[in-house]
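Summary of structural features
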Amino acid sequence: MKHHKVVPKWVGPALILALCGYLFVNVLRCQMTIGSKRQELSSIQTELSEQQAQNEELSRSLSDGEDAIIERMAREEGYARPNERVFYDIGGK
């Protein structure tokens, strides 16, 4: 006569409970990852918008021509044309 090992009744529900706990923890971990990736995406989209604005400004500068670019840079450095009067606004900004 063979002796069969009897599995206690609580093993089945315990396995199911352990599986549910494991799945719950994995869902929480995935939600946290999704949240951090959304923040990263938002940051990158902001950077992209800033870079696109900078690119548009550079494109406009290039379309103005080389002389206009040089003149703008010279004026930013405080240079003026001969016999040109330069007025500085010293009022509050």
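Refer to the structure presented above.
Residues numbered from 1 in each chain as written. Predicted model: local features only at pLDDT ≥ 70, side-chain atom pairs only at ≥ 80, totals over all residues. Heavy atoms only, no water.

So, about the overall build of the protein chain. From N to C terminus, the protein chain includes two helices and zero strands. Its C-alpha atoms give the protein chain a radius of gyration of 35 Å, clearly above 12 Å, the size a compact globule of 93 residues would have. Relative to its 93 residues, the protein chain shows a buried fraction of 1%. For the protein chain, the exposed surface amounts to about 9,500 Å²; the carbon and sulfur share of it is 60%. With 12 positive and 13 negative side-chain charges, the protein chain shows a separation of 26 Å between the mean positions of the two kinds. (Helix = DSSP H or I, 4+ residues; strand = E, 2+ residues; numbered from the N terminus. Rg over C-alpha atoms; globule rule 2.2 N^0.38 Å. Buried < 20%, exposed > 50% of the residue type's maximum accessible area, 1.4 Å probe, protein only. Areas by Shrake-Rupley, 256 points an atom, 1.4 Å probe, with all protein chains shown as cover. Lys, Arg positive; Asp, Glu negative; His and termini not counted. Charge placed at Lys NZ, Arg CZ, Asp CG, Glu CD.)

On the surface, Leu-19, Tyr-22 and Leu-23 cluster together to form a nonpolar patch covering roughly 330 Å² of accessible area. Structurally, Tyr-22 is set in helix H1 (residues 11–64). Of the residues examined, Tyr-22 reaches a relative accessible area of 53% and is grouped as exposed. (Patch = residues over 30% accessible without salt bridge, like charges linked within 9 Å, V, L, I, M, F, W, Y side chains within 5 Å. Salt bridge = Lys/Arg side-chain N within 4 Å of Asp/Glu carboxyl O.)

In this section: H1. The end-to-end C-alpha distance of H1 is 79 Å, a good match for the 80 Å that 54 residues give at a rise of 1.5 Å each. Phi turns positive, to about 105 degrees, at Gly-65, one or two residues after H1. (Expected span 1.5 Å × (residues − 1).)

Before going further, it helps to spend a moment on the environment of Ile-69. Inspection of the secondary structure puts Ile-69 in helix H2 (residues 66–76). In this structure, the C-alpha to C-alpha distance between Ile-69 and Pro-82, residues 13 residues apart in sequence, is 18 Å. Residues contacting Ile-69, with those up to four places away along its chain left out, are Ser-61 and Leu-62. (Contact = heavy atoms within 4.5 Å.)

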